[in-house]
Amino acid sequence: EDLTDWIANAEANSPDLLALTAQVSAARWEVRRSASAFLPTADIIVQKSLSESDNIVNPNARYVNGQIGVQLSMPIYTGGYNSAKVRQSKSSLRELEARYEGMRRKLALQVEREFNAIGQAILKIEALEQASRSAEQALLSNQKGVIAGTRSQLDVLDAEEKRANVRLELTRERVGYIMARMRLLSLSGQLDEEEISRVNSWL
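Remember, it's a predicted structure, so these values are computed and weren't measured experimentally.

Peer 1: Mind laying out the packing of aromatic side chains, listing which residues take part and the relevant values?
Peer 2: Counting across every chain of the model gives 1 aromatic pair. For the ring pair Tyr177 and Trp202, a centre distance of 6.3 Å and an interplane angle of 40° mean the geometry is tilted. On the criterion of sequence distance, the pair formed by Tyr177 in helix H4 (residues 153-187) and Trp202 in helix H5 (residues 193-202) is long-range, its members being 25 residues apart. Trp202 gets classed as partly exposed once you look at its relative accessible area, which sits at 41%. Above the face of the Trp29 ring, Arg32 is positioned so that its terminal group lies 4.6 Å from the ring centre.

Right, dumping it as structure tokens:
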């Protein structure tokens, strides 16, 4: 009964919107990765060497040398490549965010349209059901009028035509309600086999 709940469900379950959300997240990480090229990097360097020496004083001597240290690198200028990479990443991110917002608004409008269509269809169906009962009574009254001699067969045919038109309009509204309901459930990710079976039973 709450439109905001339907919109929230649609945003949470829309495959297209979820795919675009993942793309936006990946683009944000790409911006961070591109910007990290301007940050200093620290490397730990470990070296180990083995050397042998053959002399009179110490024949077959072996020496093991080990070194460990930290190397700090600071990028100063890379020819503008990193700056261009960052600008490109940010531009791609803005484009994806704009697409996401556009798709989100379009989805909300679609949900609102189907939600309102269902409400209007319910009101029309109730009114047409009452009109159908009235048309049925009018037809019966004309048929009795023919027997009593106060109505003609033309009046009966006119009443039958009106009843048929009302029934046709009622059927159209019921089908319209069913279609709007299925579209709304589809947009919100809730159209399942159980709902399809329910619709089939109505039809």
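From this point, the narrative continues.
Peer 1: A description of the pattern of salt bridges should follow, citing residues and the corresponding values.
Peer 2: Inspection of every chain in the model, using the stated rule, returns 15 salt bridges. Residue Arg183 pairs with Glu114 through a salt bridge whose shortest N-O separation is 3.0 Å. Here Glu114 lies in helix H3 (residues 81-148) and Arg183 lies in helix H4, a separation of 69 residues in the sequence. Overall, the relative accessible area of 39% leaves Arg183 in the partly exposed class. Where Arg163 meets Glu136, a salt bridge forms, and the shortest distance between an N and an O atom there is 3.1 Å.

Reading the values: the criteria
- Residues numbered from 1 in each chain as written.
- Predicted model: local features only at pLDDT ≥ 70, side-chain atom pairs only at ≥ 80, totals over all residues.
- Heavy atoms only, no water.
- Phe/Tyr/Trp six-rings, centres within 6.5 Å; stacked < 30°, edge-to-face > 60°.
- Helix = DSSP H or I, 4+ residues; strand = E, 2+ residues; numbered from the N terminus.
- Buried < 20%, exposed > 50% of the residue type's maximum accessible area, 1.4 Å probe, protein only.
- Lys NZ or Arg CZ within 6 Å of the ring centre and 35° of its normal.
- Salt bridge = Lys/Arg side-chain N within 4 Å of Asp/Glu carboxyl O.

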